[in-house]
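Per-entry structural report
Residue strings, one per chain:
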Amino acid sequence: MSDGIRRLPAFTALSGQAVLDGHRKGASIQLDETYFAGQIRALQADEFPPGERRLAALRDSRETYESIDVEVESLTEQHLWDASRRFRRRLRTVPEVAHLDRHFPGHCFVVPEWLRTDNRLHYGARVYLFREDDAPTPETVMQENIAAVVADSFGDFERYQGRLHGYPDCCIDFYQDRSPDSPAPEWQAIAPFADRIDEDALGAGPAGSIDDVVPAFPDTEAEYAFFAREFFPEPGCETARTKGRAVYDTLAAVVDERLVEDYFKLTFGFNYLVAQAVHTGGNRRPTPGDLGREDLLFYAPLGELTTLPRYS
Ligand SMILES: [Zn+2]
């Protein structure tokens with residue numbers, strides 16, 4: 001494992017390492033308030049020495065990101081392209097984008113991301129991580145996104161994006177098969193394992209521990225299928241299980257196994273919270289620390305995390 005990747009937030013470093021090792025095509029980070037605030041809070045945790053320079057860079061990044069004004073004249077391909085180019089130029093001035101690019105030993109780029117719901121246009125930004133020799137161009141990703149938004153066929157982009165993240169086609173099909181007569185796919189994926197979560201322990205937030213929220217995970221072979229945040233495997237999918245097992249093993253070869261175990265617990269817990277929100281009709285996103293102390297600490301650089309007694 002390179003020194004560079006150890007400087008990335010642990011979540012990002014571990015998903016990026018699975019990409020470098022060839023077990024996933026790509027991984028991504030949504031550049032949002034959760035990402036910035038999570039890191040800022042983690043760096044200030046008592047467990048770590050003060051990291052003023054990094055803190056200043058993160059605050060600067062958050063401010064720069066928030067100051068970006070995005071305007072789209074109308075919902076045409078041309079106008080979305082114009083807005084995307086302007087937006088992307090600004091995104092590339094965010095120090096965090098340069099930080100990720102400098103330290104990830106593969107191919108890394110930022111792109112705007114558009115989403116259309118009920119004729120409203122939403123936007124965000126996503127940083128992708130790929131291997132050097134197996135990466136699409138930023139323009140290709142933008143083109144897929146823009147075409148889907150203009151045609152109001154977001155499912156097409158979702159499918160494309162699922163493949164970029166190395167999700168099996170069968171699980172993407174399962175995820176997109178939504179009917180009012182059956183529970184949301186997110187919940188169908190989680191339900192068989194929902195008893196792994198101790199609901200009573202969840203309320204403690206960063207004062208609690210993932211050990212109490214998800215005491216034993218992955219326990220059975222099937223549970224390895226949860227190898228990425230926001231990936232909801234089709235129940236019983238062997239491809240997802242095999243892939244997840246490979247991700248687990250490749251990471252356990254380079255960092256303490258306890259850390260990999262926590263990474264899987266936190267990933268499953270995150271997906272549980274997302275699925276539960278979808279299932280009950282809410283839309284609250286998990287915030288860093290919801291799943292316990294470790295959930296917050298995983299926003300700190302991997303190199304800091306591996307100095308903790310728990311992981312060394
Ligand atoms: Zn599958």
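Remember, it's a predicted structure, so these values are computed and weren't measured experimentally. (Residues numbered from 1 in each chain as written. Predicted model: local features only at pLDDT ≥ 70, side-chain atom pairs only at ≥ 80, totals over all residues.)

Turning next to the sheet that holds strand β1 (residues 26-30). With antiparallel pairing, the three strands of this open sheet are ordered in space as β1-β3-β2. At either end of the open sheet lies a strand with only one pairing partner, and these are β1 and β2 (107-117). In this sheet, neighbouring strand axes are inclined to one another by 35° on average, regardless of whether the strands run parallel or antiparallel. (Pairing = 2+ DSSP bridges. Helix = DSSP H or I, 4+ residues; strand = E, 2+ residues; numbered from the N terminus. Axes fitted to C-alpha atoms, helices over the stretch in contact; angles between N-to-C directions.)

Residues of helix α8 (residues 169-176) that are buried: Cys171, Ile172 and Tyr175. Each buried residue of α8 lies within a common arc of 105° when the element is viewed along its axis, so the set occupies one face. Where α8 is buried, its residues touch α7 (154-164), α9 (185-190) and α12 (238-252). (Buried ≥ 20, exposed ≤ 12 C-beta atoms within 10 Å, placed from the backbone. Arc of directions from axis to C-beta. Contact = placed C-beta atoms within 7 Å.)

So, about the domain arrangement of the protein chain. With domains assigned, the protein chain is organised as domain 1 (25-165) and domain 2 (168-312). Each of domain 1 and domain 2 has a C-alpha centre, and the two are 23 Å apart. Contacts between domain 1 and domain 2 engage 14 residues on the former and 13 residues on the latter. Residue assignment for the side of domain 1 that touches domain 2 shows that the elements contributing at least two residues are α2 (33-43) and α7. Counting residues per element, the side of domain 1 that touches domain 2 draws most heavily on α2, which supplies six residues. Its residues placed into classes, the side of domain 1 that touches domain 2 shows four nonpolar, six polar and four charged. (Domains from an automatic or database assignment. Nonpolar A, V, L, I, M, F, W, Y, C, P; charged D, E, K, R; others polar.)

Here we come to the pairing of β1. Taking burial as the measure, the five residues of β1 include four buried ones, the bulk of the element. Judged from the five bridges that link them, β1 and strand β3 (residues 120-130) form a sheet pairing that is antiparallel. For Ile29, the partnering residue across the bridge sits in β3 and is Val127.

Here the focus is the nonpolar core. Across soluble globular proteins, nonpolar side chains show a tendency to be buried alongside one another. If you look at the biggest cluster of nonpolar residues, it comprises 86 residues, and the most contacted ones within it are Ala10, Val110, Val127, Tyr128 and Leu251. Here this core takes 11 residues from helix α13 (residues 257-279), the largest share from any one element. Counting residues domain by domain, this core receives three or more from each of domain 1 (25-165) and domain 2 (168-312). Beyond its immediate stretch of four places on either side in the chain, Leu251 contacts Leu14, Gln17, Ala18, Val260 and Tyr263. (Core = buried A, V, L, I, M, F, W, Y, C linked by C-beta atoms within 7 Å.)

Attention now goes to the packing of helix α1 (residues 10-20) against α12. Direction vectors running N to C along α1 and α12 enclose 105°, while the axes themselves pass 10 Å from each other. As the angle between them shows, α1 and α12 are arranged roughly perpendicular. Along the contact surface, α1 presents Leu14, Gln17 and Ala18, while α12 presents Val247, Thr250 and Leu251. Tallied by class, the residues present in the contact of α1 with α12 amount to four nonpolar, two polar and no charged. (Parallel < 35°, antiparallel > 145°, perpendicular 65-115°, else oblique.)

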